[in-house]
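Observations on the three-dimensional arrangement
The primary structure of each chain is shown beneath.
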Amino acid sequence: MKTIKYYIKGMLLLLVMVNIGCSLDENPYTTTTAPILFANEDGVKQALAGAYSPLRLIYGRQSSLLLTTSGTDIFQHGNDGDWELDQYDNDLNPAQGRVDRVWGELYQGVSASNSFLENIEGVTFLDEELKTTYIAEARFLRSHFYYWLTMQWGDVVFMDNAANEVNTNTTRTAKETIWQSMLEDTQFAVDNLDWEAEEFGRITKGAALQQLAFVQMLLGDYSGAKASLDAIINSGTYELEPTFADVFDYDNQINNEVIFSVQYTNDDVYNGGGNRGHLFFTPNYAAFNGLEREASQGGRPYTRFRPTEFFRNLFETNDTRFDATFRRVWYYNVDNYSATVNYNGNNVAVQEGDSVIWDIQDVNGNVLYQSKIAPNRDDMHWGMKKHDDYTRSSANDKNGFRDFFVYRLAETYLLKAEVAFYLGNQTEAAEALNVIRNRAAASGTSLTNITASDVTIDLILDERARELGGEERRWMDLKRTGKLLERVQAHNPNAAPNIKEFHLYRPIPQAEIDASTGGMQQNPGY
């Protein structure tokens, strides 16, 4: 099957002619490139792929993962780097590099989408239906980038046309006004896209409906959001994979549960920076005796995120998502390794291929006992399997090839439970939650059945954690449900002492404030 990866490859070949900007005053296409890209149908496809390309910068990359994963109730920082996004300390300020990078990458996406929409208007050689499809995709993308921008920063600079000249007269537009524009863009995509796309990885009606539901929820239109979600569920286009593990099987990335995924390719030349999600949840296991880096054990460790105790204890014993999510056991893998180690008072001989025996310590570093289950502390913590990529040429390769799932049907049910709860229909909310939980139960068992009286927004957020943990959702989920402060203070010991109301919004990058002649204001507290 040809996928949109093919066209993104082609777009990368044109980068010598295309200038995709990373800030508000850089235009995405120079005036000399537009005639080249929009002179024929293949060029139009390449230009549309250019609007898709910034998705690779915000899904599976370090900065965006930090802004969506750190400082939440289910992940705290590991041993390396960028602690301020978890600790909410004074280093989380307008000069913070990760915040600045994601801001620029999102506006790169907005600019690319706007440029495509402006240039395609003059194209006359395309079939009108195909042209409308392309416009719908670009409008979806513009809305998608603005979802991130408004969730992270609130009121932001709004642009709905191409930046063809330097513009420093920038001011912020109310997020509610931007949400209305996002609603129009995404509704246009729903109305003009089919359930199946020309290539896998292109935006479809299902993806547009899921995004529409998010926007409708921001605007308080829960009935509309429920209708959007029901349309996906009842379409017959998607179905849950038989098991949770099946969803994340590397060899099963094109499956019936995926509604929209960001495409990566196994060709290093055209993969850009690749999906690097495998790096950031992996602890520095190779620092311990008998271990060296190995792709099947997590590969190269950047140790940015470790699961909180709350997250680790959130699963029932027969919930298959637990083992499919967490890597808790490592195996000695140094060639011909052998040693004698203490295992709870006994001297035990271990060798290459055996489970690693770990010292479990208290908060003061005193050894309590030994276990074959890894500890969960800064210098050695549990990993995450969702982002595993065994196809890299070596364990040290950063650039992975796994596609990044943005929308999948399991989340559709979780969103349906949420909007049903807001509408006062707890029975329907419980039924939607139980669909997901029934899939998660080990064969021949069942998880605790959720009843109408059980349903609260916290229970729904717990279920979202079990199903979606580590998938670039959590910070924005907690923010939009009004639970960020409460749940972070309760479950993240690194963040609890410092997080305050103003942390509900990220700092506007100082470079943008300094460059603005329009009086752009900083978010309060920074």
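Structural notes, computed from the coordinates. (Residues numbered from 1 in each chain as written. Predicted model: local features only at pLDDT ≥ 70, side-chain atom pairs only at ≥ 80, totals over all residues. Heavy atoms only, no water.)

1. Remarks on the packing of helix α11 (residues 222-233) against helix α16 (residues 409-422)
Closest axis-to-axis distance for the α11/α16 pair is 9 Å, and the angle between their directions is 150°. Classed by the angle they form, the pair α11 and α16 counts as roughly antiparallel. α16 is crossed by α11, and the crossing has left-handed handedness. Contact residues: α11 offers Y222, A225, K226, L229, D230, I232 and I233, while α16 offers L409, T412, Y413, L415, K416, V419 and Y422. When its residues are assigned to classes, the contact of α11 with α16 shows 10 nonpolar, one polar and three charged. (Axes fitted to C-alpha atoms, helices over the stretch in contact; angles between N-to-C directions. Helix = DSSP H or I, 4+ residues; strand = E, 2+ residues; numbered from the N terminus. Parallel < 35°, antiparallel > 145°, perpendicular 65-115°, else oblique. Left-handed = near helix turned anticlockwise from the far one by under 90°. Contact = heavy atoms within 4.5 Å. Nonpolar A, V, L, I, M, F, W, Y, C, P; charged D, E, K, R; others polar.)

2. Focus on the layout of surface pockets
For the largest pocket, the calculated volume is near 380 Å³. Forming the boundary of the largest pocket are 20 residues, of which W195, E196, F200, T204 and V258 lie nearest the centre. For the lining of the largest pocket, a count of residues per class yields nine nonpolar, six polar and five charged. Considering only enclosed or pocket space, the second largest pocket measures out at about 320 Å³ in volume. Counting residues per element, the ones that place at least two in the lining of the second largest pocket are α14 (309-312), β7 (358-361) and β8 (367-371). Looking at side-chain class alone, the lining of the second largest pocket contains seven nonpolar, four polar and five charged residues. (1 Å grid on protein atoms, 1.4 Å probe; cavity = no way out; pocket = protein on both sides within 12 Å on 5 of 7 lines; lining within 4 Å. Points joined across faces, edges and corners; volume = space filled by probe spheres on them.)

3. A few points about α16
In this model α16 runs 20 Å from its N-terminal to its C-terminal C-alpha over 14 residues, within 8% of the 20 Å that 1.5 Å per residue would give. Judged by how many residues are buried, α16 sits mostly within the fold: 12 of 14 residues are covered. Three or more residues of α16 are buried, namely L409, A410, E411, T412, Y413, L414, L415, K416, A417, E418, V419 and A420. (Expected span 1.5 Å × (residues − 1). Buried < 20%, exposed > 50% of the residue type's maximum accessible area, 1.4 Å probe, protein only.)

4. As for the environment of E198
The topology assignment puts E198 in the loop between α9 (175-192) and α10 (205-218). Residue E198 is classed as partly exposed on the basis of its relative accessible area of 48%. Within polar-contact distance, the side chain of E198 engages the side chain of K45 at 3.3 Å. (Polar contact = N/O pair within 3.5 Å; in protein donor to acceptor, adjacent residues only side chain to side chain.)

5. Some remarks on a negative patch on the surface
A surface patch of like charges, here negative, comprises E41, D42, D127, E128, E129, D194 and E196. Among the secondary structure elements, those contributing two or more residues to the negative patch are α3 (41-52) and α8 (128-153). Note on placement: E41 falls in helix α3. Of the residues examined, E41 reaches a relative accessible area of 36% and is grouped as partly exposed. (Patch = residues over 30% accessible without salt bridge, like charges linked within 9 Å, V, L, I, M, F, W, Y side chains within 5 Å. Areas by Shrake-Rupley, 256 points an atom, 1.4 Å probe, with all protein chains shown as cover. Salt bridge = Lys/Arg side-chain N within 4 Å of Asp/Glu carboxyl O. Lys, Arg positive; Asp, Glu negative; His and termini not counted. Charge placed at Lys NZ, Arg CZ, Asp CG, Glu CD.)

6. Some points on the pattern of salt bridges
It is possible for side chains of opposite charge to pair when their charged atoms get near one another. One pass over the full model with this rule turns up 42 salt bridges. A salt bridge links R304 to D82, with the nearest nitrogen and oxygen atoms 3.8 Å apart. Linking R304 in the loop between α13 (277-280) and β3 (305-307) with D82 in the loop between β1 (75-77) and α6 (84-87), this pair joins segments that are 222 residues apart in sequence. The burial state of R304 is the same as that of D82; both residues are buried. A salt bridge links D185 to R142, with the shortest nitrogen-to-oxygen separation between them at 2.9 Å. In this pair, D185 sits in helix α9 while R142 sits in helix α8, placing the two residues 43 residues apart along the sequence. The exposure classification of D185 matches that of R142, with both residues buried.

7. Some thoughts on empty space enclosed by the protein
Overall, the coordinates contain seven cavities of 30 Å³ or more when judged by the stated rule. Of the volumes computed, that of the largest cavity is approximately 100 Å³. Secondary structure elements with two or more residues in the lining of the largest cavity: α8, α10 and α19 (474-480). With three residues, the top contributor of residues to the lining of the largest cavity is α8. The residue inventory of the lining of the largest cavity, partitioned by class, reads six nonpolar, two polar and two charged. Considering only enclosed or pocket space, the second largest cavity measures out at about 80 Å³ in volume. Along its surface, the second largest cavity is lined by F248, K386, H387, R402, D403, F404, F405 and E471. Residue classes in the lining of the second largest cavity are distributed as three nonpolar, one polar and four charged.

Interpretation note: all reported values are geometric properties and have no functional meaning in isolation.
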